[in-house]
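Chain and residue survey
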Amino acid sequence: MKSIGSLGQVEQRGRAWALKVAMPLMAMAAVIALSLGASAARAEPAFGNVGSAPRSAAAAMSPQVIAPKTAAAVIDFRGESASPQARATARVAFEHADAKGLPFAVVDKKEARLFVFHADGRLAGATAALLGLARGDSVAPGVGQMVAAGIPPALRTTPAGRYESLPGPNLKGETVIWVDYDAAFAIHRLRPSPVRERRAERLASASPEDNRISLGCVVVAGEFFDRVVAPVLGHGPGVVYVLPEPAAPAMAQNTAIGRL
């Protein structure tokens, strides 16, 4: 979440839209509830633990990239561990056609994970991700215009909701996946950053708790972006689902923000 393309580029490529505050969170809750209810009647083939997905340091350092196979009739996580909420959202996206036949991604903020899916419901890959420093599910008005001057730490959230994404360049010419252009919210590769932020170390850690460091964007390892994100979401429209998160204790949040 570093820089934004010109307004002319927005008109040429269209704007990624989002329902940002009450309505998107209500819609996301409905999406999860719908699929969790359906899965009780029709069990998905089990691939190990489907609860919260603990990450090993080795798994975080080497994100899994899944080779294509024949089209799936139901959502196919290809054995990747994922939370019930992430699975429910992916089912609605594909099995209930909410993604409208487009490739899509699910951002699980609680687990600090990104899941990228082909349009036919096959998992393309999953990896650890860095998220916004501040916990919260909404985006502050005008935050996209604050990038150059510096976004205040308390406003560096990764907003929840359903977004229509588009690939495009930022001002430096780097290709990113714009999730909400106006809010300067994108999925992008890990970039050089101040040493004190320890971004590479955070991505490689076994815990999702230290993955809160970005200005609000979803940041993944460069290799994963090049091998999974760009090929799947980088050739046209897509859909990105960002799951809401439980509110963090005020003390923990203020302490994290205060360190910057």
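What counts as what
- Residues numbered from 1 in each chain as written.
- Predicted model: local features only at pLDDT ≥ 70, side-chain atom pairs only at ≥ 80, totals over all residues.
- Heavy atoms only, no water.
- Helix = DSSP H or I, 4+ residues; strand = E, 2+ residues; numbered from the N terminus.
- Buried < 20%, exposed > 50% of the residue type's maximum accessible area, 1.4 Å probe, protein only.
- Contact = heavy atoms within 4.5 Å.
- Areas by Shrake-Rupley, 256 points an atom, 1.4 Å probe, with all protein chains shown as cover.
- Pairing = 2+ DSSP bridges.
- pLDDT = per-residue confidence, 0-100.
- Core = buried A, V, L, I, M, F, W, Y, C linked by side-chain atoms within 4.5 Å.

**Points about the overall build of the protein**
For the protein, the helix and strand inventory stands at seven helices and 11 strands. Looking at the protein residue by residue over its 260 residues, the buried ones come to 52%. Here the analysis covers contacts within the protein between residues at least 6 apart in sequence; of these, 72% occur between residues at least 24 apart. Total accessible area on the protein is roughly 11,400 Å²; 61% of this is exposed by carbon and sulfur atoms.

**Some remarks on the pairing of strand 2 (residues 104-108)**
Counted residue by residue, strand 2 has five buried out of five residues, so it is predominantly covered. Burial along strand 2 is two-sided: Phe-104, Val-106 and Asp-108 and Ala-105 and Val-107, pointing in opposite directions, are all buried. With five bridges joining them, strand 2 and strand 3 (residues 113-117) adopt antiparallel strand pairing. Looking at the pairing, Phe-104 lines up with Phe-117 of strand 3. Connecting strand 2 to the next strand, strand 3, in antiparallel fashion are four residues, including Ala-112 with a positive phi near 55 degrees. Sheet analysis places strand 2 next to strand 11 (residues 238-242), joined by four bridges and oriented parallel. Counted as the bridge partner of Val-106 is Tyr-241 from strand 11.

**Re the confidence of the model for the protein**
With 65% of its residues at a pLDDT of 70 or more, the protein has an overall mean of 77. Segment residues 1-25: pLDDT under 50, and 70 contacts once partners within four positions in sequence are set aside and those in other chains are kept.

**Brief notes about the environment of Gln-145**
On the secondary structure map, Gln-145 appears in the loop between strand 5 (131-132) and strand 6 (161-169). Owing to a relative accessible area of 67%, Gln-145 belongs among the exposed residues under this scheme. As for Gln-145 and Asp-182, which are separated by 37 residues in sequence, their C-alpha atoms are 8.1 Å apart.

**A short note on the nonpolar core**
Judged by nonpolar contacts, the single largest core of 31 residues is most densely connected at Leu-114, Val-116, Ile-187 and Val-229. Breaking this core down by element, the ones donating at least two residues are strand 2, strand 3, strand 7 (175-180), strand 8 (185-189), strand 10 (218-220), helix 6 (222-233) and strand 11. If one sorts the elements of this core by residue count, helix 6 sits on top with six residues. In contact with Ile-187, other than residues within four places in its own chain, are Leu-114, Val-176, Ile-177, Val-179, Val-218, Phe-225, Val-229 and Val-240.

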